[in-house]
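Take a look at the letters that make up each chain.
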Amino acid sequence: MKRFLKRSAIALLVLLVCVFLALGWYLRTKKVQRDGNASLAGLTAQVQVSYDERGVPHIQAQNEADLYRALGYVHAQDRLFQMEMVRRLASGELSQILGPKLVDMDRLFRTLGLRAFAKDYVVKMDKNSASSQALNAYLDGINQYQSNHPAPLEFDLLHIPKRPFTVEDTIAVSGYMAYSFAAAFRTEPALTAIRDKLGADYLKIFDLDWHPAGVLQTSPALAANDRMTLDKIAQLSQEGIEQLAVPQLEGSNAWVVSGAHTASGKPLLAGDPHIAYSAPAVWYEAQLSSPGFELYGHFQVLNPMALLGHNQQFGWSLTMFQNDDIDLVAEKVNPQNPNQVWVHNQWVEMSSREEIIQVKGAAPIKLVLRKSPHGPIITDAFKDNYGETPIAMWWTFLEADNPVLDAFYELNRADTLAKARTAASKISAPGLNVVWANAKGDIAWWAAAKLVKRPATINPSFILDGTSADADKSAFYDFADNPHEENPARGYIVSANFQPVSPNGVPVPGYYNLYDRGQRLDYLLGQPGMKWDTKNSQALQLDVQTGYVPRVLQSLLPVLRQVLVAPEDKRLFDILSKWDGNYQTNSIAPTLFSQVIYQLAHNVMADKVGTVQFQNLLRTRVLDFAIPRLLADQQSPWWGVSSDPKFDARQAVVLGAWNDSLTHLRQTLGTDSAQWMWGQAHTLTHRHPLGQQAPLDKLFNIGPFAVPGGREVPNNLSGPIGPAPWNVAYGPSTRRLIDFADTSKALGINPVGQSGVLFDAHYNDQAKLFANGIYVNEHTDNADVQAHAHAHLVLQPS
């Protein structure tokens, strides 16, 4: 028996060793090659790729075609699965690999028509343009890597077949990026539901330009089933994308300071676009060099043009414009012919197309998708929930010429004010603020988008009536009408998603962020005598204070003072009353404030608007504006009627929200309020698409990290309004600082790491640095690059 057990133990040990060795061999086949030689067809000469200590490739080629082909190859090495997921999301093909639970998401994106739009767009492209040639070379590099190497681990786990990446994929993905911060899908159904169910008085807290004559008399009321369908679209617009852990654009900071206000005497550029966190991160960094061209860029998947970049001569950053470039339009259907709608006093035929969704483990699904003169009928995505009123979507991205590849190809080379202005003018959608500077001393900002001309009487915050002229779009404004500044006398420019002003008085409706973040940056940048450099600019990017808190507390504290009597309540009230709006990890006040704000919104609104619509409202920016206005208005109908004779309605609701908040915090964070520190309740985890379930979350996800910051502070580590604990959903996707006196000392950081390959040394090597507010050098000088090179890959013509 002992001999049998011994032999069994040896056999088991041998088996485990074999399994371990096989697993090691398998993972080794997935390893990124950063050293040695590799063959790449289509090259005309060798391409040298030096990888620095962070895994950033510094690519030197003899011409642009070789340069972009090499970029595609090295980008695919680190991010092939990310490329696959984003193209499937944009094209509505996720359920083919993830099963029936993603069918609704696929329905939505098929209805948006990004894939159909991309096909038409590619037909019209100039195949001989420099941007098209760069894109084709880049995609060829991706496809050669994919064809000649084992598939990533995630491909094997999900049984994803390899398919070539195409120009259509790139265009469709650009549409997804535009859609990902289209707040109209969440906001317009919510505001329309409040108007229809509760009445105009309930809209007064939302800081809208309310035009009763132009909106109430012509904007159609929707039936309950119609609102249910829109609620589902709004939910999918946010929750599905969050679950998939793919990049979603949210907001941003950028500023540029002229040499008159810097220590070096040259302009200083700062930027930190706010994007949803994921593993891998959204940006892939690379330095590109060929004769006549050099750029250190931040790239997104399937796009060879840097969306952020700099060199010795110039640089730029981006923020989201937040202009409203989507209108939802309620159509009137012909009772005698369901394929006709009433437009311009006549019945007009809708076009239609059929698409098939392939579903893993289930039968294919056939969709019939209609399009009215106002745009695709987005409610066709969910026939089971379809109400009486089809809703069309008018979207600038689908309607305007949008040479975005040309725009960024030119912006990558825009070393003069005139070149940068021309490049920015070619951006139609999504709306982007381009914040730019050059070493010669110029600074500028352009709100880049096609701004549509709407009828003056309508409010695009609501669903429009397709039977009237309210839904008409007469033309686009000239680019000169867009908000912009070039070399302003104040000596600096701030862009932080607040509503800008057109120089010609053109209205720019949008779903803008709170202005407090921009005011905070503007106040600090405008301090007399301050000379800015990359060191004190770090403190500005990492600032965690906001004027929003005092605005809310101004009305909240007097009410709490009237209703709180218990000693513990008064002690916590004292902490809140002394708080200056600084979101530090060792502070209790931000935890208490954030929970009370959520609870107040919940107790006031959830029952009135319904659970689903309230969840959508939490993800809108209009709620941020509404909270201080609500608290300041004792007569608002939202307060209802008090059932307690000791308190008025506002007092009763505020007291209830306070008590509910303390109960929730004690249940989630412990009974000792000293443990309610912000760093315990506010954490950042970078989630991988396969990390949504245990135990894979422990393998693929990165974090959690206790982080400072919060909603609408400069260091905008944030998420939707909600109850404790708070998982940071979005924030700075990088932090860049470039002083044009010496761009070789430019600073940056990646939230996780360069590589999306599990177990790679650069999968998560920057995550702790980022959470702790640390910056690293972005090497650009050739001698500096070679001094920090940790590996060297030579791509050979095959």
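As shown above, the structure is provided for reference.
Here is a short report on the structure shown in this document. (Residues numbered from 1 in each chain as written. Predicted model: local features only at pLDDT ≥ 70, side-chain atom pairs only at ≥ 80, totals over all residues. Heavy atoms only, no water.)

Here's the deal with the pattern of salt bridges
Pairing between side chains of opposite charge can happen when their charged atoms approach one another. Tallied over the entire structure, the rule returns 32 salt bridges. A salt bridge links Arg87 to Asp169, with the shortest nitrogen-to-oxygen separation between them at 2.9 Å. Of this pair, Arg87 sits in helix α2 (residues 64-91) while Asp169 is found in helix α8 (residues 167-179), placing the two residues 82 residues apart along the sequence. Just as Arg87 is buried, Asp169 falls in that class too. Salt-bridge contacts for Glu485 lead to Arg490; the nearest nitrogen and oxygen are separated by 2.7 Å. For Arg490, a relative accessible area of 38% puts it in the partly exposed group. (Salt bridge = Lys/Arg side-chain N within 4 Å of Asp/Glu carboxyl O. Helix = DSSP H or I, 4+ residues; strand = E, 2+ residues; numbered from the N terminus. Buried < 20%, exposed > 50% of the residue type's maximum accessible area, 1.4 Å probe, protein only.)

A closer look at the environment of Met530
Mapping Met530 onto the fold places it in the loop between α15 (516-525) and α16 (534-541). The exposure class of Met530 is partly exposed, given its relative accessible area of 32%. The spacing of Met530 and Gln599 is 69 residues in sequence and 41 Å in space, taken between C-alpha atoms. Excluding residues within four positions of it along the chain, Met530 makes contact with His261 and Asn536. (Contact = heavy atoms within 4.5 Å.)

A few points about the pairing of strand β4 (residues 249-257)
Judged by how many residues are buried, β4 sits mostly within the fold: nine of nine residues are covered. As paired elements, β4 and strand β5 (residues 268-276) share eight bridges and run antiparallel to each other. In the sheet register, Val256 faces β5, and the bridge partner there is Leu269. With four bridges connecting them, β4 and strand β22 (residues 492-495) associate as antiparallel partners. In the strand pairing of β22, Val257 is matched with Tyr492. (Pairing = 2+ DSSP bridges.)

Some points on the environment of Ile377
Looking at the element boundaries, Ile377 is found in the loop between β16 (375-376) and β17 (391-395). As for Ile377 and Ile160, which are separated by 217 residues in sequence, their C-alpha atoms are 31 Å apart. For Ile377, the residues in contact, after removing those within four places along its chain, are Thr111, Glu331, Met350, Arg370, Lys371, Ser372, Pro390, Ile391 and Ala392.

Some remarks on the pairing of strand β23 (residues 682-686)
Counting buried positions over the five residues of β23 gives five, a clear majority of the element. Of the two faces of β23, the one carrying His682, Leu684 and His686 and the one carrying Thr683 and Thr685 are both buried. Bridge count between β23 and strand β25 (residues 726-727): two bridges; the pairing is parallel. Pairing of Thr683 across the sheet is with Asn727, part of β25. Sheet analysis places β23 next to strand β24 (residues 702-706), joined by three bridges and oriented antiparallel.

Thoughts on the nonpolar core
Counting 133 residues, the largest nonpolar core has Phe408 and Leu795 as the members making the most contacts within it. In terms of residue count, the dominant contributor to this core is α2 (14 residues). (Core = buried A, V, L, I, M, F, W, Y, C linked by side-chain atoms within 4.5 Å.)

Digging into helix α13 (residues 404-411)
Among the eight residues in α13, six count as buried, and that is most of the element. By the burial criterion, the buried members of α13 are Val404, Leu405, Ala407, Phe408, Tyr409 and Leu411.

Things to note about the side chain of Glu93
Positionally, Glu93 belongs in the loop between α2 and α3 (95-98). Among the residues examined, Glu93 registers a relative accessible area of 12% and is labelled buried. A polar atom in the side chain of Glu93 sits 3.0 Å from the side chain of Arg163. Setting aside its immediate chain neighbours within four residues, Glu93 contacts Arg88, Asp106, Arg110, Arg115 and Arg163. (Polar contact = N/O pair within 3.5 Å; in protein donor to acceptor, adjacent residues only side chain to side chain.)

Section: the packing of α2 against helix α6 (residues 130-148)
For the pair α2 and α6, interaxial distance at closest approach is 7 Å and the crossing angle is 50°. Taken together, α2 and α6 sit at an angle that is classed as oblique. Taken as a pair, α2 and α6 cross one another with a handedness that is right-handed. Residues Ala65, Tyr68, Arg69, Leu71, Gly72, Tyr73, His75, Ala76, Gln77, Leu80 and Met83 of α2 lie in contact with α6, whose contacting residues are Ala134, Ala137, Tyr138, Asp140, Gly141, Ile142, Gln144, Tyr145 and Gln146. (Axes fitted to C-alpha atoms, helices over the stretch in contact; angles between N-to-C directions. Parallel < 35°, antiparallel > 145°, perpendicular 65-115°, else oblique. Left-handed = near helix turned anticlockwise from the far one by under 90°.)

What to know about the packing of aromatic side chains
Inspection of every chain in the model, using the stated rule, returns 21 aromatic pairs. With a centroid separation of 5.0 Å and an interplanar angle of 80°, the aromatic rings of Tyr202 and Trp638 are classed as edge-to-face. Placement of the pair is Tyr202 in the loop between α9 (184-198) and α10 (212-215) and Trp638 in the loop between α21 (622-632) and α22 (649-669), with a sequence separation of 436 residues. Of the two residues, Tyr202 and Trp638, both sit in the buried class. For the ring pair Tyr515 and Phe625, a centre distance of 6.4 Å and an interplane angle of 55° mean the geometry is tilted. Of the two residues, Tyr515 is situated in the loop between β22 and α15 and Phe625 in helix α21; the sequence distance between them amounts to 110 residues. (Phe/Tyr/Trp six-rings, centres within 6.5 Å; stacked < 30°, edge-to-face > 60°.)

Points about unusual backbone geometry
Glycine aside, residues mostly have negative phi angles, and peptide bonds mostly take the trans form. Note the cis peptide between Gly703 and Pro704, where omega equals 10°. Structurally, the position occupied by Pro704 is in strand β24. The backbone of His344 sits at a positive phi, close to 55°, despite the residue not being glycine. Residue placement: His344 occurs in the loop between β12 (337-343) and β13 (346-349). Its identity as a non-glycine residue notwithstanding, Asn487 has a phi of 50°, on the positive side.

Observations concerning a nonpolar patch on the surface
Residues Leu696, Leu699 and Phe759 make up a contiguous nonpolar surface patch of about 280 Å² in total accessible area. Following the sequence through the fold, Leu696 ends up in helix α24 (residues 696-700). Since its relative accessible area comes to 34%, Leu696 is described here as partly exposed. (Patch = residues over 30% accessible without salt bridge, like charges linked within 9 Å, V, L, I, M, F, W, Y side chains within 5 Å. Areas by Shrake-Rupley, 256 points an atom, 1.4 Å probe, with all protein chains shown as cover.)

Description of the sheet that holds strand β8 (residues 308-310)
Reading across the sheet, the eleven strands line up as β1-β30-β2-β3-β6-β7-β8-β9-β18-β19-β21 and stay open at both edges, with mixed pairing between neighbours. Edge positions in the open sheet fall to β1 (36-40) and β21 (484-486), since each of these has one partner strand only. Going across the sheet, the axis of each strand differs from the next one's by a mean of 20°, ignoring polarity. Pairing geometry for strand β18 (residues 432-438) and strand β19 (residues 443-448), over six bridges, is antiparallel. Looking at the pairing, Asn433 lines up with Ala447 of β19. Of the strands in this sheet, β1, β2 (47-51), β3 (57-60), β6 (284-290), β7 (293-299) and β30 (791-797) are in contact with α2, which crosses β6 at around 160°. Of the strands in this sheet, β18, β19 and β21 are in contact with helix α14 (residues 417-425), which crosses β19 at around 10°.

What about the environment of Ala118?
Within the secondary structure, Ala118 sits in helix α5 (residues 114-124). On the accessibility criterion, Ala118 (1% relative accessible area) is buried. Considered as a pair, Ala118 and Thr170 are 52 residues apart in the sequence and their alpha carbons are 8.3 Å apart. In contact with Ala118, not counting residues within four places along its chain, are Glu168, Ile171 and Ala172.

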